[in-house]
Structures are given as structure tokens and as C-alpha cells.
Amino acid sequence: MKILKLLVQVMGLILFINILTGCSHGWRAGGIQLTPQDTVINTVFIEVMGTDSVLHYYHGKVYHQSNWCWKHHELEDISVK
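What you are looking at is a predicted structure, and each value in this text was computed from that prediction instead of being measured.

Enquirer: I'm lost on the overall build of the protein chain in this one. Help?
Expert: Scanning the protein chain from terminus to terminus reveals two helices and six strands. From first element to last, N terminus to C terminus, the protein chain shows the α and β order α-β-β-α-β-β-β-β. Residues counted as buried form 6% of the 81 residues belonging to the protein chain. Put simply, of all contacts in the protein chain between residues at least 6 apart along the chain, 2% involve residues at least 24 apart. Within the structure as shown, the protein chain displays about 7500 Å² of accessible surface, and the carbon and sulfur contribution to it stands at 66%.

Structure, rendered in C-alpha cells:
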């Protein structure tokens, strides 16, 4: 019973802190406002749309050979037409 009471107190404290600090209308990481420059330039995945309008996500560089698609979890061959 003491553990349950402590858990409720901790959850209440977390809720109180969240209400005080609150989120603004945008994304924040570590109290720093994220801008479109943060989300466009510093990306992890390269997004490629195929001729069939399906999006594919590749990490690092895209080669003219087999590339691992993180969205479809398979190796895919890339060629420029």
C-alpha cells in the first residue's frame, strides 16, 4: 500500500511539473525550439519517392545498387531513369 501511495505522489509531481513547464505550439527537445532547418538539414534518413509514388527511407548514402529500405525492411535496387 505504501508503494502505491508513493507511486501516486510521484505521478502527481510529474504531472505538476509538466503543467508548469508546459509545451509550446511547436516541438521542443531539451528546452530548445526545433525549427524547419533542424528537421530538414539534420536528417538521419534519405527519403526517396519511387515512380509508383511509394516513399522509401535509406540511411546514409544512396548507391546505384542494393540499398536497405528502413520503411519496407528489405534490400532494394536503385536506378536513375
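Enquirer: I would appreciate a short explanation of the layout of surface pockets in the present structure.
Expert: The calculated volume of the largest pocket comes to roughly 260 Å³. What lines the largest pocket is a set of twelve residues, among which Gly50, Thr51, Asp77, Ile78 and Ser79 lie closest to the centre. Elements that contribute at least two residues to the lining of the largest pocket include exactly strand E3 (45–49), strand E4 (55–59) and strand E6 (74–77). Per-class residue counts for the lining of the largest pocket are four nonpolar, four polar and four charged.

Criteria and thresholds
Per chain, the residues get numbers from 1 upward, laid out in the order the sequence is written. Only residues with pLDDT of at least 70 get local features here, since the model is predicted, and only at 80 or more are side-chain atom pairs given and counted; chain-wide, interface and lining totals rely on the full set of residues. Water and hydrogen atoms play no part in the side-chain values, which are based on all heavy atoms of the structure. The numbering of helices and of strands both runs from the N terminus, where a helix is a DSSP run of H or I of at least 4 residues and a strand a run of E of at least 2. The classification of residues rests on relative accessible area computed with a 1.4 Å probe and restricted to protein chains. Under 20% of the type maximum is buried, over 50% is exposed, and intermediate values are partly exposed. It only takes one pair of heavy atoms within 4.5 Å for two residues to be counted as in contact. Per-residue and other accessible areas follow the Shrake-Rupley method at a 1.4 Å probe size, with only the shown protein chains counted as cover for residues. Definitions used throughout: a 1 Å grid over protein atoms alone; a cavity as a set of points that fits a 1.4 Å probe which cannot get out; a pocket as an open set with protein on both sides within 12 Å along at least five of seven lines; a lining residue as one with an atom within 4 Å of a point. Grid points are joined across faces, edges and corners, and a volume is the space filled by probe spheres set on the points. Ten residues, namely Ala, Val, Leu, Ile, Met, Phe, Trp, Tyr, Cys and Pro, are considered nonpolar, four, namely Asp, Glu, Lys and Arg, are considered charged, and the remaining ones, Gly among them, are considered polar.

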